[in-house]
Amino acid sequence: MFGKWTAIAKESIDRAAIVARFLCLLHVTNTYIFSPTLVYGPSMLPTLNLTGDVVLSEYISHRLGKVGPGDVVLIQSPENPRKMITKRVVAMEGEVVSFLVDPSRSDRSRTVVVPKGHVWIQGDNIYASNDSRNFGPIPYGLIQGKVWCRVWPIDGFGSL
């Protein structure tokens, strides 16, 4: 009688161990390697849709210093640390950036040098983006990941 219950208990423990291993692998993958992220808003038009895109973001490149101008990145907002924003890297430390201060109202421009340990980020839609033009260069450490590709909507699938 106990033999049957022992076999059932052993099978249950084996299956629970498989599920636990899978959940650990899923956690590590989602936290340290890559994960899907929903991004929305007008700041990255026309690259990303206003109503939202699901992108795969990888979390290794920025740790290895492999982020550069032109890359779309996920950043912890310098204004609200609980919020993630998606912008394009325009310049790295030591580079000179010229930008329009308020493109919708004037042609007045400003030039800055990106300080050491910082990057200059901007949204693709300069008329509707809160970015380095507003809050200045951001510390490299605020970069959380690099957008690898868009996976949804399906007609927009592919690298950015």
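Everything in this summary refers to the structure shown in the same document.

Thresholds, definitions, all that
- Residues numbered from 1 in each chain as written.
- Predicted model: local features only at pLDDT ≥ 70, side-chain atom pairs only at ≥ 80, totals over all residues.
- Heavy atoms only, no water.
- Salt bridge = Lys/Arg side-chain N within 4 Å of Asp/Glu carboxyl O.
- Helix = DSSP H or I, 4+ residues; strand = E, 2+ residues; numbered from the N terminus.
- Buried < 20%, exposed > 50% of the residue type's maximum accessible area, 1.4 Å probe, protein only.
- Contact = heavy atoms within 4.5 Å.
- Pairing = 2+ DSSP bridges.
- Core = buried A, V, L, I, M, F, W, Y, C linked by side-chain atoms within 4.5 Å.

A word on the pattern of salt bridges. Working definition: two side chains of opposite charge can pair if their charged atoms are close together. Under the definition given, this model contains seven salt bridges. The closest approach of N and O atoms between Asp 71 and Lys 146, which form a salt bridge, is 3.6 Å. Of this pair, Asp 71 sits in the loop between strand S2 (53-58) and strand S3 (72-76) while Lys 146 sits in strand S9 (residues 143-152); the two residues are 75 residues apart in sequence, bridging distant segments of the chain. Considered together, Asp 71 and Lys 146 belong to a single accessibility category, that of buried residues. Note that Lys 116 is salt-bridged to Glu 93, the shortest N-O span being 3.9 Å. Taken as a pair, Lys 116 in the loop between strand S6 (109-113) and strand S7 (118-122) and Glu 93 in the loop between strand S4 (84-91) and strand S5 (96-100) lie far apart in primary sequence, 23 residues in all. Lys 116 gets classed as exposed once you look at its relative accessible area, which sits at 70%.

With that settled, consider the side chain of Ser 132. Looking at where Ser 132 falls in the secondary structure, it is placed in helix H2 (residues 132-135). Aside from chain neighbours lying at most four places away, what touches Ser 132 is Val 119, Trp 120, Ile 121, Pro 137 and Ile 138.

The next thing to look at is the pairing of S5. Of the two faces of S5, only the one carrying Val 97 and Phe 99 is buried; Val 96, Ser 98 and Leu 100 on the other face are not. For S5 and S6, the ladder comprises five bridges, and the chain directions are antiparallel. Residue pairing for S6: Val 96 is matched across the bridge by Val 113.

Counting residues in each nonpolar core, the largest one holds 11 residues, listed as Val 67, Val 73, Ile 75, Ile 85, Val 89, Met 92, Val 119, Ile 121, Ile 138, Leu 142 and Ile 143. Contributions of two or more residues to this core are made by S3, S4 and S7. Setting aside anything within four residues of it in sequence, one finds Ile 85 in contact with Val 73, Leu 74, Ile 75, Ser 77, Pro 78, Ile 121 and Phe 135.

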